[in-house]
Amino acid sequence: MTDDVLEPPQIDPLSGSAAVREYFGDTYPRVLAFADMLAAEGVERGLIGPREVGRLWERHILNSAALAPYLGDGRVADVGSGAGLPGMVLAAMDPSRDYVLIEPMERRIQWLFEVAERCGIDNVLVVRGRAEEVTESVEADIVTARAVAAIDKLVKWCSPLLSPHGRLVLLKGRSAADELDRAKYTLRKQRFTGEIHTAGTIAGVDATTVVVLTRS
Ligand SMILES: C[S@@+](CC[C@H](N)C(=O)[O-])C[C@H]1O[C@@H](n2cnc3c(N)ncnc32)[C@H](O)[C@@H]1O
């Protein structure tokens, strides 16, 4: 048996905190509705591990939100949305534009539809497929992704989805610099330049690493 099985789900102390409410402002109720649904059903539906419930805001909701300042204008497609991270969080924070959530697994697609409906996040278009299979039907100015693949692969899969001067905005861990280095031939071939940013959200929550790849 693992710790995951033995540890009961906990309530994330950040949920409902003044800092979180202030950070999300008017969009807090939509973000909260999604976070509550993920906390209530995510483990049973195989979307998150049991230990994630007690750290949902720091590790997942705020981590996803950290991408928001790097998006810029244009159409956004989130590749490999899974439980809705980061795409559903970003859509909940930004109701005035549409987000395309691309995900190949039927079970996760069903989840994303239910979240959109039950949480009133009606600015998402959920598309079933792998990124490299939907290039005929999706065009975006910005592609986001978290925990889907290494940068080299993501660029190969996602650049056909992007408009000519489009950007990839990726949540990455400490491996960001190594991944960029390993992707250098692909980046050069596809005319991307990369920047690494340290992106914070609220005080006391670890900053995360955001990689922005811009095509010239
Ligand atoms: C580890 S999960 C991460 C999910 C979510 N982005 C997150 O951070 O929690 C990876 C997700 O990418 C999806 N995926 C894998 N390969 C993909 C591809 N080629 N195109 C789109 N999605 C893909 C998987 O189905 C899965 O939902």
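Residues numbered from 1 in each chain as written. Predicted model: local features only at pLDDT ≥ 70, side-chain atom pairs only at ≥ 80, totals over all residues.

A.B. asks: Just give me the short version of the pairing of strand E7 (residues 208-215), but keep the residues and values in it.
C.D. replies: Examined bridge by bridge, strand E5 (residues 162-172) and E7 share 6 bridges and lie antiparallel to one another. Residue Lys172 lies in a different strand from E7, and its bridge partner there is Thr209. Sheet analysis places strand E6 (residues 192-199) next to E7, joined by 8 bridges and oriented antiparallel. Each bridged residue has a counterpart across the sheet, and for Ala199 the counterpart in E7 is Thr208. (Pairing = 2+ DSSP bridges. Helix = DSSP H or I, 4+ residues; strand = E, 2+ residues; numbered from the N terminus.)

A.B. asks: So what's going on with the site of the ligand? Which residues, and what values?
C.D. replies: Taken together, the neighbourhood of the ligand is formed by 18 residues, with Gly80, Gly82, Arg130, Ala131 and Arg146 sitting nearest. Looking at the shell around the ligand residue by residue, the class counts come to 10 nonpolar, 3 polar and 5 charged. (Near = placed C-beta within 6 Å. Nonpolar A, V, L, I, M, F, W, Y, C, P; charged D, E, K, R; others polar.)

A.B. asks: Describe in detail the packing of helix H3 (residues 28-41) against helix H4 (residues 56-65), supporting the description with residues and values.
C.D. replies: Interhelical geometry of H3 versus H4 gives an angle of 130° and a closest axis separation of 12 Å. As far as their axial angle goes, H4 and H3 are oblique. As for how H3 packs across H4, the hand of that crossing is right-handed. Facing H3, whose interface residues are Val31, Ala35, Leu38 and Ala39, H4 presents Leu56, Trp57 and Ile61. Across the contact of H3 with H4, the residue classes tally to 7 nonpolar, no polar and no charged. (Axes fitted to C-alpha atoms, helices over the stretch in contact; angles between N-to-C directions. Parallel < 35°, antiparallel > 145°, perpendicular 65-115°, else oblique. Left-handed = near helix turned anticlockwise from the far one by under 90°. Contact = placed C-beta atoms within 7 Å.)

A.B. asks: I'd like a rundown of the sheet that holds strand E4 (residues 140-146), residues and numbers included.
C.D. replies: If you trace the 7 strands from one edge of the open sheet to the other, you get E3-E2-E1-E4-E5-E7-E6, paired in mixed fashion. Each edge of the open sheet is held by one strand with a lone partner, namely strand E3 (124-128) and E6. Taken pair by pair, the neighbouring strands of this sheet meet at an average axis angle of 20°, ignoring direction. Set on the sheet, helix H6 (residues 106-118) makes contact with strand E2 (99-103) and E3; between it and E3 the angle comes to about 170°. Along the sheet face, helix H7 (residues 151-158) touches strand E1 (76-79), E4, E5, E6 and E7 and points at about 150° away from the line of E5.

A.B. asks: So what's going on with the environment of Pro104? Which residues, and what values?
C.D. replies: Assignment of secondary structure puts Pro104 in the loop between E2 and H6. In the structure, Pro104 is positioned 29 residues away from Glu133 in sequence and 9.4 Å away in space, judged by C-alpha atoms. With sequence-adjacent residues up to four places away left out, Pro104 is seen in contact with Arg128, Gly129 and Arg130.

A.B. asks: Before we move on, could you go through the UniProt feature "binding site: S-adenosyl-L-methionine" (unreviewed entry) in the protein and cite the residues and values that matter?
C.D. replies: Following the UniProt record, the feature "binding site: S-adenosyl-L-methionine" (unreviewed entry) maps to Gly80, Leu85, Ala131, Glu132 and Arg146 here. Within the secondary structure, Ala131 is located in the loop between E3 and E4. In this structure Ala131 comes out as buried when scored by C-beta crowding, with 26 C-beta atoms within 10 Å. Once you skip the residues sitting within four places of it in the chain, Ala131 turns out to touch Val79, Ile102, Trp157, Cys158 and Leu161. Note on placement: Glu132 falls in the loop between E3 and E4. (UniProt positions renumbered as here; feature names shortened; annotations may be inferred. Buried ≥ 20, exposed ≤ 12 C-beta atoms within 10 Å, placed from the backbone.)

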